[in-house]
Amino acid sequence: MTPATNKTLLTASGINKTFPGVQALSDVQFDLKEGEVHALVGENGAGKSTLVCIIAGVERSDSGQMHVYGQPYQPQGRADAERHGIRMVMQELHLIANLTVAENIFIERLPSRFGFIDYQKLNRAAREIMQEVGLGDIDPSVPVRSLGVGQQQMVEIAAGLSQSCRILALDEPTASLTDKEIELLFGQIEKLKAQGVGIIYISHRIEEVIHIADRVTVLRDGKVVSTRPTSQLKITDIIRMMVGRDLQHEHLRGAGEVGKVALCVEGLTLGDKVKDVSFEVCRGEILGFAGLMGSGRTETMRALFGADHAEAGQIYLHGSSAPAKIRNPHDAVRNAMAFLTEDRKGQGLLPALAVRENISLARLRDLCRFGFINTSEERAVARQYIDALSVRCASTEQTVSELSGGNQQKVVIAKWIFRDSDILIFDEPTRGIDVGAKFEIYHKLADLAEKGKAIIFVSSDLKELMAVCDRIAVMSAGRLVATFSRDEWSQEKIMSAAFSEYVTG
Ligand SMILES: Nc1ncnc2c1ncn2[C@@H]1O[C@H](COP(=O)(O)OP(=O)(O)OP(=O)(O)O)[C@@H](O)[C@H]1O
Ligand SMILES: [Mg+2]
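Structural notes, computed from the coordinates. (Residues numbered from 1 in each chain as written. Chains lettered and ligands numbered in written order. Predicted model: local features only at pLDDT ≥ 70, side-chain atom pairs only at ≥ 80, totals over all residues.)

A short note on the overall build of the chain
For clarity, the cut-off: Only DSSP runs of H or I reaching four residues or more are called helices, and only runs of E reaching two or more are called strands; each is numbered from the N terminus. Radius of gyration here uses only the C-alpha atoms, and the compact-globule reference equals 2.2 Å multiplied by the residue count raised to the power 0.38. Note on contacts: each residue gets a C-beta atom placed from the backbone, and two residues are in contact if those atoms are within 7 Å.
Counting secondary structure elements, the chain contains 17 helices and 23 strands. The C-alpha radius of gyration computed for the chain amounts to 23 Å, which stays within 12% of the reference 23 Å derived for 505 residues, consistent with globular compactness. On the principal axes, the C-alpha backbone points of the chain span a range of 75 × 55 × 50 Å. Here the analysis covers contacts within the chain between residues at least 6 apart in sequence; of these, 69% occur between residues at least 24 apart.

A word on the pairing of strand β13 (residues 261-270)
Which entries qualify depends on this criterion: Whether two strands pair depends on DSSP finding at least two bridges between them.
For β13 and strand β14 (residues 274-282), the ladder comprises six bridges, and the chain directions are antiparallel. Paired with Val 261 across the strands is Cys 282, a residue of β14. If you look at the hairpin formed by β13 and β14, you'll find three residues sitting between the two strands, and Gly 271 has a positive phi there, around 55°.

Things to note about the site of ligand 1
What counts is decided by this rule: To decide nearness, the C-beta atom of each residue is placed from the backbone, and the residue is near a molecule or strand if that atom lies within 6 Å of it. Asp, Glu, Lys and Arg are counted as charged, while Ala, Val, Leu, Ile, Met, Phe, Trp, Tyr, Cys and Pro are counted as nonpolar; the rest, among them Gly, fall into the polar class. For each domain, the first and last residues come from an automatic or database assignment.
As a matter of local geometry, ligand 1 sits amid 22 residues, with Phe 19, Asn 44, Ser 49, Ser 404 and Gly 406 nearest to it. For the shell around ligand 1, the residue count by class is six nonpolar, 12 polar and four charged. Two domains each put at least three residues into the shell around ligand 1: domain 1 (8-243) and domain 3 (344-420).

Considering the nonpolar core
As a reminder of what qualifies: Joined through C-beta atoms within 7 Å, a set of buried Ala, Val, Leu, Ile, Met, Phe, Trp, Tyr and Cys residues constitutes a nonpolar core. Labels follow a simple rule on C-beta atoms placed from the backbone: if 20 or more others lie within 10 Å of a residue's own, it is buried; if 12 or fewer, it is exposed; otherwise it is partly exposed.
Core analysis: the largest hydrophobic core is formed by 143 residues, its most contacted members being Ile 55, Ala 158 and Phe 457. The greatest single-element share of this core, amounting to seven residues, is contributed by helix α14 (residues 405-418).

So, the sheet that holds strand β11 (residues 215-220)
Our working rule: Lines fitted to C-alpha atoms define the axes, with helix axes restricted to the stretch in contact, and inter-axis angles between N-to-C directions lie between 0 and 180 degrees.
An order of β6-β9-β10-β3-β11-β12 is seen for the six strands of this open sheet, with the pairing classed as mixed. Every interior strand has two partners, whereas the edge strands, β6 (86-89) and β12 (223-229), have only one. Across the sheet, the mean angle separating the axes of adjacent strands is 15° when strand polarity is ignored. When strand β3 (residues 37-41) meets β11, the two strands line up parallel, connected through four bridges. Residue pairing in the sheet places Leu 40 in a bridge with Thr 217 of β11.

Regarding unusual backbone geometry
Backbone geometry at Tyr 69 places phi at a positive 50°, although glycine is not the residue there. Within the fold, Tyr 69 resides in the loop between β4 (63-68) and β5 (71-72). Overall, the presence of 14 C-beta atoms within 10 Å leaves Tyr 69 in the partly exposed class. The phi dihedral of Glu 428 is positive, around 50°, even though this residue is not glycine. On the secondary structure map, Glu 428 appears in the loop between β20 (423-427) and α15 (435-450).

Some details on the packing of α14 against α15
The cut-off we apply is this: Small angles under 35 degrees read as roughly parallel and large ones over 145 as roughly antiparallel, with 65 to 115 read as roughly perpendicular and the rest as oblique.
Across the interface, α14 lies against α15 with an axial gap of 12 Å and an inter-helix angle of 10°. In terms of axis orientation, α14 runs roughly parallel to α15. Here α14 contributes Gly 406, Lys 410, Ile 413 and Ile 417 to the contact with α15, which in turn contributes Ala 437, Ile 441, Lys 444 and Leu 448. The residue makeup of the contact of α14 with α15, split by class, is five nonpolar, one polar and two charged.

Focus on the sheet that holds β4
Sheet strands pair by backbone hydrogen bonding; their relative direction is either parallel or antiparallel. Reading across from one edge, β2-β1-β4-β5 is the order of the four strands in this open sheet, with antiparallel pairing throughout. The open sheet is flanked by β2 (22-33) and β5, the only strands paired with a single partner. Pairing geometry for β4 and β5, over two bridges, is antiparallel. Pairing of Val 68 across the sheet is with Gln 71, part of β5.

Topic: helix α13 (residues 375-388)
Put simply, the rule is: Expected span of a helix, by definition, is 1.5 Å for each gap between consecutive residues, and there is one gap fewer than residues. Of all possible arcs, the one meant is that of the directions from the helix axis to the C-beta atoms.
With 14 residues, α13 should reach 20 Å at 1.5 Å per residue; the first-to-last C-alpha distance of 20 Å fits that figure. Taken residue by residue, α13 has Glu 378, Val 381, Ala 382, Tyr 385 and Ile 386 as its buried positions. Buried residues of α13 fall within an arc of 140° about the axis and therefore sit on the same side. In this structure, α13 carries Ser 376 and Asp 387 as exposed residues pointing more than 90 degrees from its buried face. Backbone geometry just downstream of α13 places Ser 390 in the positive-phi region, at approximately 45°.

Side note on the environment of Ala 126
Take Ala 126: it is sitting in helix α4 (residues 119-132). Residue Ala 126 is classed as buried on the basis of its 26 C-beta neighbours within 10 Å. Distance in space between the C-alpha atoms of Ala 126 and Ala 159 is 8.9 Å, their sequence separation being 33 residues. Residue contacts for Ala 126: discarding those within four places in its chain leaves Val 101, Ala 102, Ile 105, Phe 106 and Pro 140.

Structure, rendered in structure tokens:
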């Protein structure tokens, strides 16, 4: 797969970057060739985003040199980097929720006629680009906020791909995508490679990196551990370099004791998103939800939690024979339910507050004495979770917006675990989390189940569902089409169930 030319596009050497309390990068060397995919991997907080932000002009390094085609390169900002043909698709979603899909894609160069935006032209051009990334059935004139996180991510990628460039940096483009969209994205990457574009690719999915990248650079604590051709590496080699040890994949969970039914859902229906969905989760059980993007998993959870209003269906909680009344999330929380949403930016975190405050937010009452927040206890709790989940931060007082993407996600998880609810819904909890930390989260979920909690685990990563769940429910086009127990499931069975309603429908 190595391109014919092999000309060096970009070199960066001796790059240093310090943020208050942390050396994010130290003496980093990196280079990129024409038509090459160069992957950057490393644990949460290793410095991956910081490095591409420096290359794409979003951040400035403290010291070090960069060259593009041998010419000194010192971008004065993002726009300047783009003038040099260097673009990046950022890790966090940066779409403007109220603008349409098409407007977001072309935000910087809206086609106009006589001073007015030419919407016909705009939508037509957007539709073409979206078709290429597999979003052909989405109307480009709908506002972005009406899309799910995975689809928003595809729009963001489409925006990045829509402009010509020499270097494209993709910071975790596939974190919210399922296999189908990943394949489409890889098709686009192959096309760009063939045109000689150099691609910097950040991902926590090591299988993906082995598949798509020509070379891999492993970062640890802001330093380059190694840069090697992918052909010389196995997944285990990369993981060892990232975390400094081997990870045990199998047997995360034995057959545990499953208790009484904690949640029973009957005939839940919401438009064409959720169609007559029924299932049960017991205390001490982890029930996985698999399915393609847009199959209705998140919508089911939202309806269950009272965030959207179901048109039909009953929910029975904690063994009661009377249906529960859950009209809004407040009712759900009162009924000892918790929901970790897939959209941490929109709903999970208050980025301007400290790590400590974010963790305690959902349970402030327990930390108050005579109406005052007991800050030292709050700090102790935060410290405990920071240690348990290895959140990389300067202190409990650091604002969450300063943490790396994966570490922000860990704070969301800490917050909901600390709430101590009986029924926990986790929607893509390991999005953007590195392999080592993922395992800490799986163990945490297993612990919670062991303590008698009922857990619903929605994920696009089949392997992780198969590693921790007791049963896996599969959704397809709004229906719950199959539920498999551990001794019944296989990757093939789950995938064919996930596609079933689309094939016959
Ligand atoms: N604006 C900032 N202020 C303070 N510290 C920051 C800031 N941006 C990043 N950092 C710190 O720099 C370090 C590297 O962060 P970076 O975002 O590059 O990590 P990453 O490798 O992309 O991690 P992830 O896999 O979680 O996305 C982290 O310790 C992070 O907390
Ligand atoms: Mg990052």
